[in-house]
Amino acid sequence: MEVALKKDAVLSRGSDKIIAVFVFTIFMILSGFVRIPLPFSPVPVTLQTFFVLLSGAFLGSTGAIPQIAYVLLGVAGLPIFSGAGSGLFYLLGPTGGYLFGFIVAAFLVSRSIKYAQDSLPRIFIILCL
């Protein structure tokens, strides 16, 4: 009986990761619509950076997957990029580098957060970098 309970716990943790990836992907989509246009730049300030860093910190090694899913959904044609943009050509515009940077940032945060050793100031420094 104990083996069955442990197996259920392992399956539960795996499904928790899948749900968390899905939730962070939804957060990325919704936070793209929270934007502050800048008059001197074609790139608006969005809430997405916050969720990129959180996904890297909370999801660990799978922290970049929500960003990859976000970019792939946008390239597939869903109007989820900032300003309801979509498509492959959106990646060639002024915000395309930021979208790829989201993936890299989540990956780097997920790798470096292990070295913070549960120290809040260290975690804060990592997220600021």
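Note that the coordinates shown come from a computational prediction; the quantities given were computed from them, not determined experimentally.

1. Things to note about the overall build of the protein chain
When you go through the protein chain residue by residue, the secondary structure sums to five helices and two strands. For the protein chain, the succession of helices and strands along the chain, N to C, is α-β-β-α-α-α-α. Of all 129 residues assigned to the protein chain, the portion counted as buried reaches 33%. Summarising the internal contacts of the protein chain: among those between residues at least 6 apart in sequence, 51% fall at separations of at least 24. Approximately 8300 Å² of the protein chain is accessible, and the part contributed by carbon and sulfur atoms is 75%. In the protein chain, 8 positive and 4 negative side-chain charges are present, and the distance between their average locations comes to 13 Å.

2. Concerning the packing of aromatic side chains
If you walk through the whole model with that rule in mind, you get three aromatic pairs. Among the aromatic residues, those joined into a ring-pair cluster are F24, F27, F50 and F51.

3. Some points on the packing of helix α3 (residues 65-75) against helix α4 (residues 96-112)
Two elements in contact, α3 and α4, have axes separated by 8 Å at closest approach and are oriented at 165°. The orientation of α3 with respect to α4, classified from their angle, is roughly antiparallel. Crossing hand, α3 versus α4: left-handed. Where α3 approaches α4, its residues Q67, I68, Y70 and V71 are matched on the opposing element by L99, F102, I103 and A106. Each residue belonging to the contact of α3 with α4 can be placed in one class, and the counts come to seven nonpolar, one polar and no charged.

4. Things to note about the nonpolar core
Of all hydrophobic cores here, the largest spans 17 residues; its most connected members are M28, Y70, V71, F81 and L99. Contributions of two or more residues to this core are made by α1 (2-31), α2 (48-59), α3 and α4. Other than its neighbours up to four places away in sequence, M28 contacts Q48, F51, V52, Q67, Y70 and F102.

5. Some remarks on the side chain of S31
Here S31 shows up in helix α1. A distance of 2.8 Å separates a polar side-chain atom of S31 from the backbone oxygen of F27. Excluding anything up to four places from it in sequence, S31 contacts T46, L47, Q48 and F51.

6. Looking at the environment of C128
Inspection of the secondary structure puts C128 in helix α5 (residues 120-128). When its relative accessible area of 53% is taken as the criterion, C128 is described as exposed. Along the primary structure C128 and L53 are separated by 75 residues, whereas in three dimensions their C-alpha atoms are 9.2 Å apart.

7. Considerations on the confidence of the model for the protein chain
Looking at the protein chain as a whole, its pLDDT mean stands at 81, while 91% of the residues score no less than 70. Mean pLDDT in the protein chain bottoms out at α1, which sits at 71, and peaks at α3, which reaches 91. Note that residues 1-11 has pLDDT below 50 and, in this model, zero contacts with residues that lie over four places away or in other chains.

Parameters and conventions
- Residues numbered from 1 in each chain as written.
- Predicted model: local features only at pLDDT ≥ 70, side-chain atom pairs only at ≥ 80, totals over all residues.
- Heavy atoms only, no water.
- Helix = DSSP H or I, 4+ residues; strand = E, 2+ residues; numbered from the N terminus.
- Buried < 20%, exposed > 50% of the residue type's maximum accessible area, 1.4 Å probe, protein only.
- Contact = heavy atoms within 4.5 Å.
- Areas by Shrake-Rupley, 256 points an atom, 1.4 Å probe, with all protein chains shown as cover.
- Lys, Arg positive; Asp, Glu negative; His and termini not counted.
- Charge placed at Lys NZ, Arg CZ, Asp CG, Glu CD.
- Phe/Tyr/Trp six-rings, centres within 6.5 Å; stacked < 30°, edge-to-face > 60°.
- Axes fitted to C-alpha atoms, helices over the stretch in contact; angles between N-to-C directions.
- Parallel < 35°, antiparallel > 145°, perpendicular 65-115°, else oblique.
- Left-handed = near helix turned anticlockwise from the far one by under 90°.
- Nonpolar A, V, L, I, M, F, W, Y, C, P; charged D, E, K, R; others polar.
- Core = buried A, V, L, I, M, F, W, Y, C linked by side-chain atoms within 4.5 Å.
- Polar contact = N/O pair within 3.5 Å; in protein donor to acceptor, adjacent residues only side chain to side chain.
- pLDDT = per-residue confidence, 0-100.

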